[in-house]
Amino acid sequence: MKVIFHGHACFEIQSNKGRIIIDPFLRNNPQAVSKPEDFKELDGILITHGHSDHLGEAIELAKNTGAVIITNFELGGYLEKFGVNVHQMHIGGKHSFHFGMIKLTTALHGSGIPLGDGTFLYGGLACGFLIGVEDKWVYHAGDTGLFGDMQLIRQQYDLELAMLPIGDNFVMGPEDAILAAKMLRPKYIIPMHYNTFPVIEQDENAFLELLQRRVPESKGIILQAGDSYTIEK
Ligand code: NI
Ligand code: MN
């Protein structure tokens, strides 16, 4: 499978079964090099929560490509009103799609949908995603603080790759992401949700060094927006 980073928390996964995108924040994402109109073919659009840096251009992409939006029940109900194809799920539940298995995991974060005037519409609970493709499991943690139940994810899933936030302030900082890595022990870790805005600036190389020292079994990979990483079958 090919994992393409589009900046912030947006990743695309291309496999032999299809093409999915997670948290398509592209147009107002200062890191992104891809535009929503660059995506002609998509099968699934996974949304971790209702904040604008994650919901992004999900509606536009769903309309342009016919891809199904997969998200929590409440946010999904809100999105359905825009006439897009939505599959509502909730934390702990999994469902098999033609492009892979998707399971919603806990994330410690909000999911309000911003109305633009400083108020929010209820958007359910923020989540992360376990994605099963090509007999491998990928974990996109979403926006989250550190939580001990990551140990339960490790008990059930031998993770090939985990995308973990390291930006601090709104989500885990580097030290907490190291503790998350210790619990999850994936083969590869891609840090995300940092350096997009001044308040979440981090030194990604310092994170890599710390990871190598504390969790040597997990290899850190730094991707710039537009970069991809291929995981062999
Ligand atoms: Ni958020
Ligand atoms: Mn965010």
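Check the entry above for the structure.
The structure presented is a predicted model; accordingly, all values stated were derived computationally and were not measured.

Reference values for coordination geometry: four tetrahedral donors around a metal ideally subtend 109.5 degrees, six octahedral donors ideally subtend 90 or 180 degrees. Bound to the manganese ion (ligand 2) on the protein side are D53 (OD), H54 (NE2), D143 (OD) and H193 (NE2), at distances that span 2.2 to 2.3 Å. Read N to C, the donor residues that coordinate the manganese ion (ligand 2) are spaced as D-H-x88-D-x49-H. In this model, the manganese ion (ligand 2) sits 3.1 Å from the nickel ion (ligand 1), the two metals being bridged by D143. Pair noted here: H54 is in helix α1 (residues 52-55) and H193 is in the loop between β14 (188-192) and α6 (204-214), with a separation of 139 residues, a long-range link. Using a relative accessible area of 0% as the deciding quantity, one classes H54 as buried.

Around the nickel ion (ligand 1), the protein contributes the donor atoms H49 (NE2), H51 (ND1), H109 (NE2) and D143 (OD), at 2.2 to 2.3 Å from the metal centre. Coordination at the nickel ion (ligand 1) is irregular, judged from the four donor atoms that bind it and the angles of 86 to 176 degrees they form at the metal. In the primary sequence, the donor residues of the nickel ion (ligand 1) line up as H-x1-H-x57-H-x33-D. Judged by its relative accessible area of 23%, H109 falls in the partly exposed class.

Within the secondary structure, S15 sits in strand β2 (residues 11-15). With 151 residues separating them along the chain, S15 and I166 place their C-alpha atoms 26 Å apart. Among all residues touching S15, those that are not within four sequence positions of it are M1, F99, V133 and E134. For S15, the side chain forms a polar contact with the main-chain nitrogen of K17, separated by 3.1 Å.

On the surface, I91, Y122 and L125 cluster together into a nonpolar patch covering about 310 Å² of accessible area. Considering the arrangement of structural elements, one finds Y122 in the loop between β10 (120-121) and β11 (127-133).

Before going further, it helps to spend a moment on the pattern of salt bridges. Taken as a whole, this structure holds five salt bridges when the rule is applied. In this structure, R154 engages D158 in a salt bridge whose closest nitrogen and oxygen atoms are separated by 3.6 Å. A relative accessible area of 23% means that R154 is categorised as partly exposed. The class of D158 is exposed, set by a relative accessible area of 59%. Through salt bridges with shared partners, a single network forms among R27, E37 and E60.

Moving on: the packing of aromatic side chains. Applying the stated rule across the entire model yields five aromatic pairs. Measuring from centroid to centroid gives 4.8 Å for F5 and F11, while their planes differ by 35 degrees, and the two rings are tilted.

Thresholds, definitions, all that
Residues numbered from 1 in each chain as written. Chains lettered and ligands numbered in written order. Predicted model: local features only at pLDDT ≥ 70, side-chain atom pairs only at ≥ 80, totals over all residues. Heavy atoms only, no water. Donors = N, O, S within 2.8 Å, 3.2 Å for Na, K, Ca; no water. Helix = DSSP H or I, 4+ residues; strand = E, 2+ residues; numbered from the N terminus. Buried < 20%, exposed > 50% of the residue type's maximum accessible area, 1.4 Å probe, protein only. Tetrahedral: all angles 85-135°; square planar, octahedral: opposite > 155°, others 65-115°. Contact = heavy atoms within 4.5 Å. Polar contact = N/O pair within 3.5 Å; in protein donor to acceptor, adjacent residues only side chain to side chain. Patch = residues over 30% accessible without salt bridge, like charges linked within 9 Å, V, L, I, M, F, W, Y side chains within 5 Å. Areas by Shrake-Rupley, 256 points an atom, 1.4 Å probe, with all protein chains shown as cover. Salt bridge = Lys/Arg side-chain N within 4 Å of Asp/Glu carboxyl O. Phe/Tyr/Trp six-rings, centres within 6.5 Å; stacked < 30°, edge-to-face > 60°.

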